[in-house]
Amino acid sequence: MNLWYALVDLLPFEWAQSGSMYFMKNALLAVLVISPLFGILSTMVVHSRMSFFSDALGHSAFTGMAIGALCGFNEPTWAAVIFALVFALLFNLVRRRTAMASDTVIGVFSSTAVALGIFLSTLNGRSFTKFNNLLIGDILSVEPAKIGLLALILLLVLALWGMSFNQLMLSAVHPALADSRGVKVFWQETVFSMAIAVVVTVSMTWVGLLVINSLLVLPAASARNLARNMWQYHILSLLAATCAGVAGLMTSYYIGSSAGAAITLYLAGWFLITFLLRKKG
Amino acid sequence: MRQIKHGKLGGCSDSCCLKLEDVSVRLDGDDILKQVSFHLHCGEITALIGPNGAGKSTLFKSILGQMPHGGMITFSPAGGPAIRLSDGAVVGGQRPLVGYVPQSPVFDRGDPVSVLDFFTAATSKWPVCLPVPKRYRDKAAACLARVHGEELLDRPMGALSGGQLQRVLLALALEPVPHILILDEPLSGVDIEGEHQLLEMLDELRTQYDLSIFLSTHDFATLEQYADKVILLNKQVLKAGAPEEVLASPEFYETFHLKMGKGGGQK
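Residues numbered from 1 in each chain as written. Chains lettered and ligands numbered in written order. Predicted model: local features only at pLDDT ≥ 70, side-chain atom pairs only at ≥ 80, totals over all residues.

Side note on the overall build of chain B
Helix and strand counts for chain B come out as eight helices and ten strands. Within chain B, the fraction of its 267 residues that count as buried is 42%. (Helix = DSSP H or I, 4+ residues; strand = E, 2+ residues; numbered from the N terminus. Buried ≥ 20, exposed ≤ 12 C-beta atoms within 10 Å, placed from the backbone.)

Set out below in structure tokens:
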């Protein structure tokens, strides 16, 4: 961390002076880890039409937090991660075994998870307000240890991409074709949805439940407007997420609004621009 | 179109052969396939016809090993021992490769997947989220050359015409060169020119690689021009034989609710 602080001290901002404002420096580093993470995952969320699913995962993450809090854990995040993993696995099992459209299955899961979360968190007349910070998120509260955890997750996602991106893409394009070429479609989909589950749950505290899904949709949605192949798609998504992340954090610092919301608004603006510039044909 | 009959109907002693014996599939209490038996020989084009819901795709899935089924599917290489496909029990020799050209895959016009991406993803371990190195590019180009589609390499998949997409999928199914090539309705969504090209290409491929080609179609008008054998399926094999024989059979007319007599070749 000291190396990072020394690096940031070189920046010409008032908060970047040495010896103070560590929360802001931590937040900047966290954004530089979280945004690429979302930028990368975003490509496949959009490509395999899973944006509704990742939204539902956000809801289930909240329920996991409620369960964790109810059980009296110090770190309800871990309970939430486990709950989200189970949610992802169950969802994939049910989707595989039914002829129902997957958005219907997601709707069933999502509403159940939300209802369970609200039910548990308001049990015995408890107040819901302590969960409010989860809805908005606070990037400034991030601690160095958590940044390390996020960096580890980023490395794991990069490894996953390196090993199985091809299978993942083929599964999304045509499951039967992928299967005929030896791809284990079910496991590809399950591992990918579990990766989303972990990322959404772990970063929810800082990004905010209400806007987290936009970070999984907007970077790739805007990249899709311009890219003609997978490499361009990834690079554009990654750049959009990272630039918007940094810009959003700066904006929120100077005008004092939620960073997650500011990042999302930057991304939405970028989406509009790419939409107007979109490739034809 | 020139006559491209192979004329190897009958015995399978001296050629490789895919045998289906009493293949049955039941799903939720309904019979999807009932005791389907037939042989496919290499170097032959066999067309599978039948109404919608006749079990054509299920039959393909059974051969591909994606669908649990009763009965036996075995493959014998020329002069070699038989290999059971269903459970991969390889009784001496190598499991046959089945190339599969699926029915019209979904590509949105805006999907950022180039033909090169798609090809490299399916045939190599190189993650295509990174720029594709030249050696994979060359390999993809060589495979596309088999179907005269080199110029498609950098086109987005979603921008291809029906015929071009079929050619790319065909090139993919031929890498590595399979023993059996299965095409699920390759002629739907393809215009007359594309259809002609595709059929010429299939003929070229089977003579070049001596593979057996098994395709489903609703286009009966051109059957006699390219198919060595036609199988009429409606949950069970109603009629199998040379195209002119099947097309003139009472079973064919009954299945498609046609009146007997000339003039009704098309559904």
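Alright, that's what it looks like, and here's the rest.
Here's the deal with the interface of chain B and chain A
With 21 residues of chain B at the interface, the matching set in chain A holds 23 residues. At the level of secondary structure, the elements contributing two or more residues to the side of chain B that touches chain A comprise β6 (98–101) and α2 (115–123) of chain B. Per-element tally for the side of chain B that touches chain A: the top contributor is α2(B), with four residues. Looking at the side of chain B that touches chain A residue by residue, the class counts come to 17 nonpolar, three polar and one charged. (Contact = placed C-beta atoms within 7 Å. Nonpolar A, V, L, I, M, F, W, Y, C, P; charged D, E, K, R; others polar.)

Section: helix α3 (residues 134–145) of chain B
All names here are of chain B. Over its twelve residues, α3 runs 16 Å from end to end, which matches the ideal 16 Å to within 8%, given 1.5 Å per residue. Among the residues of α3, those classed as buried are Ala140, Cys143 and Leu144. Buried residues of α3, viewed axially, fall in a sector of 100°; they line one side. The exposed set on the far side of α3, more than 90 degrees from its buried face, consists of Lys134, Arg135, Asp138, Ala142 and Ala145. Among the structural elements, α2 and α4 (162–173) are those in contact with the buried residues of α3. (Expected span 1.5 Å × (residues − 1). Arc of directions from axis to C-beta.)

Let's talk about the domain arrangement of chain B
For chain B, the assigned domains read domain 1 (17–105 + 178–255) and domain 2 (108–159). Here domain 1 of chain B and domain 2 of chain B have C-alpha centroids that lie 28 Å from each other. (Domains from an automatic or database assignment.)

A short note on the packing of helix α2 (residues 22–47) of chain A against helix α10 (residues 209–226) of chain A
All names here are of chain A. Running from amino to carboxyl end, α2 crosses α10 at an angle of 75°, the nearest separation of the two axes being 7 Å. Judged on the interaxial angle alone, α10 and α2 are roughly perpendicular. Counted together, Phe38, Gly39, Leu41, Ser42, Thr43, Val45 and Val46 of α2 and Leu215, Leu216, Val217, Pro219, Ala220, Ala221 and Arg224 of α10 form the full contact between these two elements. Here the residues of the contact of α2 with α10 are counted per class, giving ten nonpolar, three polar and one charged. (Axes fitted to C-alpha atoms, helices over the stretch in contact; angles between N-to-C directions. Parallel < 35°, antiparallel > 145°, perpendicular 65-115°, else oblique.)

Here we look at unusual backbone geometry
Residues and elements named next belong to chain B. The amide bond that connects Glu175 to the next residue, Pro176, takes the cis arrangement and shows omega of -5°. If you trace the backbone, Pro176 turns up in the loop between α4 and β7 (180–183). Despite not being glycine, Asp210 has its phi angle at roughly 55°, a positive value. Structurally, Asp210 is set in the loop between α5 (192–209) and β8 (212–216). Under the C-beta neighbour-count criterion, Asp210 is labelled partly exposed, with 16 such atoms within 10 Å. Even without being a glycine, Lys235 presents a positive backbone phi close to 70°. Within the fold, Lys235 resides in the loop between β9 (229–234) and β10 (236–241).

What about the environment of A:Pro219?
All names here are of chain A. Here Pro219 shows up in helix α10. The exposure class of Pro219 is buried, given the 34 C-beta atoms found within 10 Å. As for Pro219 and Val246, which are separated by 27 residues in sequence, their C-alpha atoms are 14 Å apart. Contact partners of Pro219, with chain neighbours within four places excluded, come to Phe38, Gly39, Ser42, Ser237, Ala240, Ala241 and Leu267.

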